[in-house]
Amino acid sequence: MTDEAREEFVKALDAADRRLAVELVSDLLNDGVDPVDLMLELVTPSQQVVGERWQSGEYSVAQEHAATAVSEAAVATVGAWITEPATPLGYAVVACAEREWHALAARIVAESLRHLGWRTTYLGASTPAHQLAGYLHRLDPDVVAVSCSMPAALPAARRIVEAAAEAGIPTLAGGRAFGADASRALALGASGWAASPRQAADVLARLRPVVEPVPALAHAGADEQAELLLRSRELAVQVLRSWLAAMGDIGAGCLAGLDAEAEYAVDHALHALAAALLTDDLTILRECREWLTTLLSARGCHREAVPQLWRVLSETAGEQLPVAARLLRETA
């Protein structure tokens, strides 16, 4: 994959030019570029540029959505080019955890596995675990592949793992939210983890065909995570109100002006805290804090915005949740 091809594809995304993107992808396929390489070395890094431009404030939400739609059209073109395996190696259902709306990565996994010899069913964004369970009995797949790009969706990924295990089906976890190794995936009870579609195909070949229901998580953080999610709406209102008050004249105007983005920041932080509690992984909160700092700074917020949010979270959520309070203090 050449730098020139990547530059042209990024230009197509920037201009929301579906025709150009599809032409580029079609030409590369006709020139013999491997479909998996094309999706991983052209579409994926270009889409990462889109996400970075939204985070930095260069793109609006509308621009990000338009660019993503073009990437989705390009992947659909690749998918139409791939032929169904005559004798599949197995059958994989690919789903995003609930609250995970970034579905492009999961679509790339589904198409890649199909090219690598698997029959796949792609379920798209934000799949509710309670609805997935019954559907799995109908489909009877060999594995469920669950995708998460945002750590805030990890608690929902745990519910998909539980739903699949109840049907005796192993799960393979992947996506940026699971980090750089298998630790978070295994902490959630997944049968395996993969960093890429090709690695996923290798891991799938070694997974046990049937699994037992996953045991309940016994550590104190898991109990607090359940309590946190039960109170998430109430806590979100309290934290946002206290955050605005704590910022006072130095930043409340900025946060109030962000409207939905300020609410999103609080919601994202609370769910990242839940994910950290569930997996007993401090790095989730550190990554969340860095991500929110970049996001809010790019929108003109005071440098104390995220530190104040952490203090408010510790005082509000941590009042009755001592493990949560400790995690927040250690990442302050």
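It should be noted that the structure appears before, not after, this text.
Residues numbered from 1 in each chain as written. Predicted model: local features only at pLDDT ≥ 70, side-chain atom pairs only at ≥ 80, totals over all residues. Heavy atoms only, no water.

### Points about the side chain of S46
Secondary-structure assignment places S46 in helix α3 (residues 35–55). When near neighbours in sequence (up to four residues on either side) are disregarded, S46 contacts R6, F9, V10 and L13. (Helix = DSSP H or I, 4+ residues; strand = E, 2+ residues; numbered from the N terminus. Contact = heavy atoms within 4.5 Å.)

### A few points about helix α10 (residues 220–230)
Taken together, the buried positions of α10 are G221, A222, E224, Q225 and L228. Projection of α10 onto a plane perpendicular to its axis shows the buried side chains occupying an angular sector of 160°, all on one side. Residues D223 and L230 are exposed on α10 and point more than 90 degrees away from its buried face. (Buried < 20%, exposed > 50% of the residue type's maximum accessible area, 1.4 Å probe, protein only. Arc of directions from axis to C-beta.)

### Let's talk about the pattern of salt bridges
Note that side chains of opposite charge can pair when their charged atoms are close. Counted according to the given criterion, the structure contains 17 salt bridges. With its nearest N and O atoms 3.7 Å apart, the salt bridge here joins D14 to R53. Of this pair, D14 sits in helix α1 (residues 3–14) while R53 sits in helix α3, placing them 39 residues apart in sequence. For D14, a relative accessible area of 44% puts it in the partly exposed group. Overall, the relative accessible area of 22% leaves R53 in the partly exposed class. (Salt bridge = Lys/Arg side-chain N within 4 Å of Asp/Glu carboxyl O.)

### Describing helix α9 (residues 197–204)
What α9 keeps buried is the set P197, A200, A201, V203 and L204. Down the axis of α9, the buried side of the element spans an arc of 165°, and every buried residue falls inside it. In this structure, the buried residues of α9 make contact with α3, α5 (104–115), β3 (143–147), β4 (171–174) and β5 (192–193).

### Details of the sheet that holds β3
Ordered by their spatial adjacency, five strands build an open sheet running β2-β1-β3-β4-β5, and the pairing between neighbours is parallel. The strands lining the two open edges of the sheet, one partner per strand, are β2 (119–122) and β5. Relative to β5, β4 runs parallel, the two being bridged by two bridges. Of the residues in β5, the one forming a bridge with L172 is G192. (Pairing = 2+ DSSP bridges.)

### Considering the pairing of strand β1 (residues 91–96)
Counting buried residues in β1 gives six out of six residues, a clear majority hidden from the surface. The alternating pattern of β1 places Y91, V93 and A95 on one face and A92, V94 and C96 on the opposite face, and all of these are buried. Pairing geometry for β1 and β2, over four bridges, is parallel. Residue pairing for β2: Y91 is matched across the bridge by R119. Read from β1 through α5 to β2, the crossover connection turns out right-handed. As paired elements, β1 and β3 share five bridges and run parallel to each other. Residue pairing in the sheet places C96 in a bridge with S147 of β3. (Right-handed = clockwise from strand over helix to strand, strands pointing away.)

### Describing the environment of A145
Tracing the sequence through the fold places A145 in strand β3. For A145, a relative accessible area of 7% translates into the label buried.

### Thoughts on the packing of aromatic side chains
Here the structure, examined in full by the defined rule, presents two aromatic pairs. Ring centres of W54 and W291 lie 6.0 Å apart, and the angle between their planes is 35°; on these two criteria the pair is classed as tilted. Of this pair, W54 sits in helix α3 while W291 sits in helix α13 (residues 282–297), and the two are 237 residues apart along the sequence. Classification of W54 as buried rests on a relative accessible area of 17%. Joined through ring pairs, the aromatic side chains of W54, Y264 and W291 make up one cluster. Taking the ring centre of Y91 as reference, the NZ or CZ of R119 above it sits at 3.8 Å. Against the face of W54 rests R299, its NZ or CZ located 5.2 Å from the ring centre. (Phe/Tyr/Trp six-rings, centres within 6.5 Å; stacked < 30°, edge-to-face > 60°. Lys NZ or Arg CZ within 6 Å of the ring centre and 35° of its normal.)

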